[in-house]
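This is what each chain is made of:
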Amino acid sequence: MSSSERSLEIQRAEFAAARGLAMPLAGTIAWAAVGVAGLFLPESTMLLVLVIATGMIAYLGMGLSKLTGEDFLDKSKPKNAFQNLFFVGMAQALLAYAIAIPFGIVEPSAMPLGVAVLSVSMWMVYSWIIGHWVGYAHAVARVVAVLALHYALPDHRYVAIPAAVVVLYLAVIVVQERRWRMNRDARPVAA
C-alpha cells in the first residue's frame, strides 16, 4: 500500500507509534566514541574522529533499527510520508557539516560545538512529527549544555561536550521507551 492510499493522520500515527530508539542509540554510541577518543588523541586527530563518528550516526541508526524493531529499511512495510520527512531532517543535519567542517578546520577546538549544535535540528522535526516534547527538550538542552561547556571547559571540549550529548541521548532513550510502552499498553487489543 503506498503512502498516498493512507491519510496523513494515519501515517503520522504509525510513525509516532514506533519505538524511536534506533537514532538516539546510534547517537549515544557515536558521541561516546568521540568522548573516549578525546581522552587519548590529540585535537588535530579529533577533528577527523568527530566527523567520521557523528557522520555515521544515520547509518548506524539504520542498522540498529533492525534490533529495535523499527527497521527503517523494511521494504515490506507500507511507505510512510513522515518517515521520509524524518530522513529529510537527518539529511538536513548532515548538510550542516558544510558549515561545521570549514569552521572546525579554522578553529579545531570549536568543532564539537559546531557539530553538536548544527546536527541537532533533526530533533525539532522529529518532535513535531510524533507530537511529543522529547525532541524539543533534547534540542534546547543540547544547545544550552554544549554552549555552556564550550566556554566553561575550553581545554576539554572533545570530552565534556560529547559526555553531555551522551547524557542527553540517554535521557531521550528513557523517555522514548516510556512513551512507546505507554502507547503500546494504551492500544486496544484486537479481538
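Provided above is the structure to which this section pertains.
Computed from a predicted structure; not experimentally measured.

S.K.: Can you help me understand the overall build of the chain in this one?
M.R.: Secondary structure assignment for the chain yields ten helices and zero strands. Secondary structure elements in the chain, listed N-terminal to C-terminal, are α-α-α-α-α-α-α-α-α-α. For the chain, the C-alpha radius of gyration of 18 Å lies close to 16 Å, the compact-globule estimate for 191 residues. For the chain, the proportion of its 191 residues judged to be buried stands at 45%. Carbon and sulfur atoms make up 72% of the accessible area of the chain, which totals about 10000 Å². Within the chain, the 11 negative side-chain charges are centred at a point lying 5 Å from the centre of the 14 positive side-chain charges.

S.K.: Honestly, the environment of M62 in this entry has me stumped. Any pointers?
M.R.: For M62, the location among the structural elements is in helix α4 (residues 57-68). Contact partners of M62, with chain neighbours within four places excluded, come to F72, L73 and F87.

S.K.: I'm lost on the pattern of salt bridges in this one. Help?
M.R.: Should their charged atoms come close, side chains of opposite charge can pair. By the definition in use, this model includes five salt bridges. Residue K66 is joined to D71 by a salt bridge in which the shortest nitrogen-to-oxygen separation is 3.2 Å. Across the salt bridge formed by R181 and E177, the nearest N and O atoms sit 2.8 Å from each other. With R181 and E177 both in helix α10 (residues 157-186) and four residues apart, this pair spans about one turn of that helix.

S.K.: Quick question: what am I supposed to make of the packing of aromatic side chains here?
M.R.: The geometry of two aromatic rings is summed up by the distance between their centres and the angle between their planes. In this structure the tally under the stated criterion is nine aromatic pairs. Centroid distance F82 to W128: 6.3 Å. Interplanar angle 45°. Geometry classified as tilted. Of this pair, F82 sits in helix α5 (residues 81-95) while W128 sits in helix α8 (residues 122-130), and the two are 46 residues apart along the sequence. The class for F82 is buried, based on a relative accessible area of 9%.

S.K.: Quick question: what am I supposed to make of the side chain of S127 here?
M.R.: With respect to the helices, strands and loops of the structure, S127 is situated in helix α8. Sequence-distant contacts of S127, defined by excluding residues within four places in its chain, comprise H132, W133, V134, G135 and Y136.

S.K.: Whenever I open this one, a nonpolar patch on the surface confuses me. Can you help?
M.R.: Residues L85, V88, M124, W128, W133 and Y136 make up a contiguous nonpolar surface patch of roughly 590 Å² in combined accessible area. Of all the secondary structure elements, the ones that give two or more residues to the nonpolar patch are α5 and α8.

S.K.: Whenever I open this one, the environment of A53 confuses me. Can you help?
M.R.: Turning to its location among the elements, A53 is positioned in helix α3 (residues 43-55). On the basis of relative accessibility, which here comes to 13%, the residue A53 falls in the buried class. Linking A53 and G69, residues 16 residues apart in sequence, is a C-alpha distance of 23 Å.

S.K.: Any chance you could explain the side chain of S119 here in plain terms?
M.R.: Turning to its location among the elements, S119 is positioned in the loop between α7 (111-118) and α8. The buried category is assigned to S119, whose relative accessible area is 13%. Here the side chain of S119 touches R142 through a polar contact of 2.9 Å, side chain to side chain. Here S119 is in contact with A93 and R142, once residues within four sequence places are set aside.

How each quantity is defined
- Residues numbered from 1 in each chain as written.
- Predicted model: local features only at pLDDT ≥ 70, side-chain atom pairs only at ≥ 80, totals over all residues.
- Heavy atoms only, no water.
- Helix = DSSP H or I, 4+ residues; strand = E, 2+ residues; numbered from the N terminus.
- Rg over C-alpha atoms; globule rule 2.2 N^0.38 Å.
- Buried < 20%, exposed > 50% of the residue type's maximum accessible area, 1.4 Å probe, protein only.
- Areas by Shrake-Rupley, 256 points an atom, 1.4 Å probe, with all protein chains shown as cover.
- Lys, Arg positive; Asp, Glu negative; His and termini not counted.
- Charge placed at Lys NZ, Arg CZ, Asp CG, Glu CD.
- Contact = heavy atoms within 4.5 Å.
- Salt bridge = Lys/Arg side-chain N within 4 Å of Asp/Glu carboxyl O.
- Phe/Tyr/Trp six-rings, centres within 6.5 Å; stacked < 30°, edge-to-face > 60°.
- Patch = residues over 30% accessible without salt bridge, like charges linked within 9 Å, V, L, I, M, F, W, Y side chains within 5 Å.
- Polar contact = N/O pair within 3.5 Å; in protein donor to acceptor, adjacent residues only side chain to side chain.

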